[in-house]
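# Report on the structure
Here is how the chains run, residue by residue.
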2 protein chains.
Amino acid sequence: MGEVAIAEAASTRFGEHDETARELAVDAALDVLDTAGLDGDELDGLFVANAFGMADKQGHVGPLVATAIGAPNVPSSTTEAACASASVAFRHAVAHVRAGMAETALVVGTEKVSHIDTLTATSYFCYGSDFFVEGGVGATFPGLYATIARAHMDAYGTTEEDLARVAVKNHANGVHNAKAHFRKEITIDDVLDSYVVADPLKLYDACPFSDGASAMIVTTPEKARELSDTPIRVEATSQRGTIAALSEREDLTSIEATKLAGRDALDQAGLGLDEIDLFEVHDCFTIAELVAMEDLGLAEPGKAMAMVREGQTEPDGDTPVNASGGLKAKGHPVGATGTGQIAEAVEQLRGEVEPERQVEGAEHVLTHNVGATGGTVTAHVFGRMD
Amino acid sequence: MGEVAIAEAASTRFGEHDETARELAVDAALDVLDTAGLDGDELDGLFVANAFGMADKQGHVGPLVATAIGAPNVPSSTTEAACASASVAFRHAVAHVRAGMAETALVVGTEKVSHIDTLTATSYFCYGSDFFVEGGVGATFPGLYATIARAHMDAYGTTEEDLARVAVKNHANGVHNAKAHFRKEITIDDVLDSYVVADPLKLYDACPFSDGASAMIVTTPEKARELSDTPIRVEATSQRGTIAALSEREDLTSIEATKLAGRDALDQAGLGLDEIDLFEVHDCFTIAELVAMEDLGLAEPGKAMAMVREGQTEPDGDTPVNASGGLKAKGHPVGATGTGQIAEAVEQLRGEVEPERQVEGAEHVLTHNVGATGGTVTAHVFGRMD
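Procedures and definitions
- Residues numbered from 1 in each chain as written.
- Chains lettered and ligands numbered in written order.
- Predicted model: local features only at pLDDT ≥ 70, side-chain atom pairs only at ≥ 80, totals over all residues.
- Heavy atoms only, no water.
- Contact = heavy atoms within 4.5 Å.
- Salt bridge = Lys/Arg side-chain N within 4 Å of Asp/Glu carboxyl O.
- Polar contact = N/O pair within 3.5 Å; in protein donor to acceptor, adjacent residues only side chain to side chain.
- Helix = DSSP H or I, 4+ residues; strand = E, 2+ residues; numbered from the N terminus.
- Pairing = 2+ DSSP bridges.
- Buried < 20%, exposed > 50% of the residue type's maximum accessible area, 1.4 Å probe, protein only.
- Expected span 1.5 Å × (residues − 1).
- Core = buried A, V, L, I, M, F, W, Y, C linked by side-chain atoms within 4.5 Å.
- Axes fitted to C-alpha atoms, helices over the stretch in contact; angles between N-to-C directions.
- Parallel < 35°, antiparallel > 145°, perpendicular 65-115°, else oblique.
- Left-handed = near helix turned anticlockwise from the far one by under 90°.
- Nonpolar A, V, L, I, M, F, W, Y, C, P; charged D, E, K, R; others polar.
- 1 Å grid on protein atoms, 1.4 Å probe; cavity = no way out; pocket = protein on both sides within 12 Å on 5 of 7 lines; lining within 4 Å.
- Points joined across faces, edges and corners; volume = space filled by probe spheres on them.

### Things to note about the interface of chain A and chain B
- Contact residues are listed per partner, giving 54 residues for chain A and 54 residues for chain B.
- Our count for the contact surface shared by chain A and chain B stands at 2 salt bridges.
- Its salt-bridge partner being R22 of chain A, residue D130 of chain B comes within 2.5 Å of it at the nearest N-O pair.
- For the pair chain A and chain B, the number of links is 31 residue pairs in polar contact (both at pLDDT 80 or more).
- Secondary-structure elements contributing two or more residues to the side of chain A that touches chain B are α2 (61–68), β3 (76–80), α3 (85–99), β8 (232–240) and α9 (256–269) of chain A.
- Direction of pairing for β3 of chain A relative to strand β3 (residues 76–80) of chain B: antiparallel, over a ladder of 3 bridges. Looking at the pairing, T79 of chain A lines up with T79 of chain B of β3 of chain B.

Here's what the structure looks like:
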């Protein structure tokens, strides 16, 4: 398969914004075009990700963004795969470049939810579950991930403190991320004392509803070199699915698609796990980070919590995980989360993030993005181009 | 670019169904898998199109369909581009096959709206417009296309009878389409006497809200030959956009993206317009068929109506248009319309449609699908494989 690269990437701050989803998308898109020195009409593909367009009564976002960035004739699409929407849109762009159907593609993930009430936002999230047997009968995402957490506790003795440590670590990283939604340190007691959302998960075990957008130019390695002094290689892009509803799965302590996509991504990249310098994984809830680590092979089942406890997953540890603050502290603008992870990977590989959370000399970064409870999982690997 | 083919295609009846969008998708998917002799787990890509998932409170449809057809681990995505959603999802599949990121991809377009009231359905359609300056201030799609119709009348003297003739012709074709939503002949007077929806467009100038799903296997030519005795070649796939809001365009009598995509598709296919035996175009309203014909180059501006009047666009005419009955009579299940056009092309090229509407010896078919008022336009060309 043809090689593909990222010329530039950019992200808005994640958090609360006054702008609409499309305006946030345009902000991120113009930022990346400006850095790359490109005009909109030099693009030949636009891949938008957005999950909750109904919150603005706005579908068909592609042509709106295209028009606003001066590229009204560019082919566009809007892709949805719940919380993995942007990673899937990114894969569509990669496919188009590899196929020769685009040379200079713009990917933009965007989301805006802070203007709707929490109950409505929770309902929209439920649309990402199997609504007949999950969301529609009262299983919210905190409830679904609480089920996973309870299964993990039963199987491995995971404790609420173990979960809390993930939140504490990610908040500590978020403090040093200028784009993060939450920039405050928290303690284990803060987590344990926060109110119960879905037992055993508490408020501080959960990522926030965030607004935000992220964008990047996906192109050929040759074109990327023209547009940037420090282009980034797409070393692997993989995606797999899992049986959609939790109730139909045999094992709730693991997400099959993460195992499959993670393994495939390393094969594609020709790298061992120990050659990955940073893992940006999908920690929509604290338990999700532990499960992701185990499914990716960073730890045996039930052993990820020990790595967190020992500090191994901190930015200066042996196996840094979510140096950005993760979804937990950086934030989770659903349709922008996957592209946000990729923008983070680009900055880490360039050595451009804040020193406190920079993984020194990072050469390969793996991003892991989950839609719902794993119906969709992507794993991508990025590396420097010499 | 690598060659791509369609092994099999299938469509449900378009019209009213009791099933949900996902159930319709599964019906169409299993139909096509059965014909191709494939099991779900032999697929390596699933591309779903769906526009109004909020009507069922169901997003993230990909993994649900994947699970139901026995392919839970297959990578899936759901694409939305208003009324062109399925044609864009089809292009994503083509890109993945050309890129080597999938070998045997399933595309499924699906929609279900008949269970919601007409006002709500009309609102959902409005989400496909630029909601800030169109849908949100009262411009429904009948209103937007009425604006186009009025501009066309002013520029070229198009009459309400000219528009009505498009509806009459497409209804006459729909009578012979077992999958069509409407299977009854109508007269010019029926159209003119039907109630005004948005002056000058009347009820019978408009396509219906339909439920339905269509699916196809997109693969390499080699694999297509293994799976089918009569595989179909994807001779061209093109897509372009137009400035999203009508109010920002200079000319309302034409849709720029159709001109660009149509020309590009013919270039890709290496064919002249006169080598295309059938045009399945996006006639969401009668005026849209005339504008599409003119933008595709079948007629000079303002001259398409004469071709309709003279019978040239009937199935046995020189330039058959919408032998299926088009969106007008075959129906318009938004997320399934583009794949429905492609399924029609496949059947026409195989000589398998009802004799009354079969274009004799059809060797090349062009499908034209429009999102909203042309923010998205696709043009694909399909041909027989010898």
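### Looking at unusual backbone geometry
All names here are of chain A.
- D199 connects to P200 through a cis peptide bond whose omega is 10 degrees.
- Tracing the backbone shows P200 in the loop between β5 (196–198) and β6 (201–202).
- The backbone phi angle of H60 is positive, close to 50 degrees, even though this residue is not glycine.
- Assignment of secondary structure puts H60 in the loop between β2 (45–49) and α2.
- Judged by its relative accessible area of 3%, H60 is buried.
- With a phi close to 60 degrees, A372 is a non-glycine residue in the positive phi region.
- Along the chain, the position of A372 falls in the loop between β10 (364–371) and β11 (376–384).

### Quick notes on helix α6 (residues 160–174) of chain A
All names here are of chain A.
- Its 15 residues give α6 an end-to-end C-alpha distance of 21 Å, which sits within 8% of 21 Å, the value for a rise of 1.5 Å per residue.
- Of all 15 residues in α6, 11 are buried; the element is thus mostly enclosed.
- When α6 is considered as a whole, its buried residues turn out to be D162, L163, A164, V166, A167, V168, K169, N170, H171, N173 and G174.
- Summarising the contacts, the buried residues of α6 are in contact with α5 (141–156), α7 (188–193), β6, α10 (286–296), α11 (304–309) and α12 (326–329).

### Details of the nonpolar core
- Membership of the largest hydrophobic core comes to 126 residues, with the highest contact counts inside it found for Y145 and I287 of chain A together with Y145 and I287 of chain B.
- For I287 of chain A, the contacting residues outside a window of four places in its chain are Y145, I148, A149, H152, L163 and L201 of chain A.
- Among the nonpolar cores identified, the runner-up in size contains 64 residues, and A89 of chain A together with M216, L278 and I342 of chain B belong to it.

### Details of the packing of helix α9 (residues 256–269) of chain B against helix α10 (residues 286–296) of chain B
All names here are of chain B.
- Between α9 and α10, the least distance of the axes is 8 Å, while the angle of their chain directions is 50 degrees. Classified by the interaxial angle, the pair formed by α9 and α10 is oblique. In this structure, α9 crosses over α10, and the sense of that crossing is right-handed. Taking contact as the criterion, the partners of T258, K259 and G262 in α9 are, on α10, A292, D295 and L296.
- Split into classes, the residues belonging to the contact of α9 with α10 amount to 2 nonpolar, 2 polar and 2 charged.

### Brief notes about the environment of C284 of chain B
Residues and elements named next belong to chain B.
- Mapped onto the secondary structure, C284 falls in the loop between β9 (278–280) and α10.
- C284 sits 126 residues away from T158 along the chain, and the two C-alpha atoms are 18 Å apart.
- Once residues lying within four places of it in the same chain are set aside, the contact partners of C284 are Y145, D205, A206, C207 and L327.

### Details of empty space enclosed by the protein
- What the rule picks out here adds up to 9 cavities of 30 Å³ or more.
- When its volume is computed, the largest cavity comes out at roughly 520 Å³.
- As for the largest cavity, its lining consists of 38 residues, of which A51 and E80 of chain A together with A51, M54 and E80 of chain B are closest to the centre.
- Secondary-structure elements contributing two or more residues to the lining of the largest cavity are β3 and α4 (118–126) of chain A together with β3 and α4 (118–126) of chain B.
- Its residues assigned to classes, the lining of the largest cavity shows 22 nonpolar, 14 polar and 2 charged.
- In this structure, the second largest cavity spans a volume of roughly 80 Å³.
- Residue lining of the second largest cavity: F132 of chain A together with T20, A21, R22, N50, G53, D56, Q58 and V61 of chain B, and that is the complete set.
- For the lining of the second largest cavity, the class distribution of residues is 3 nonpolar, 4 polar and 2 charged.

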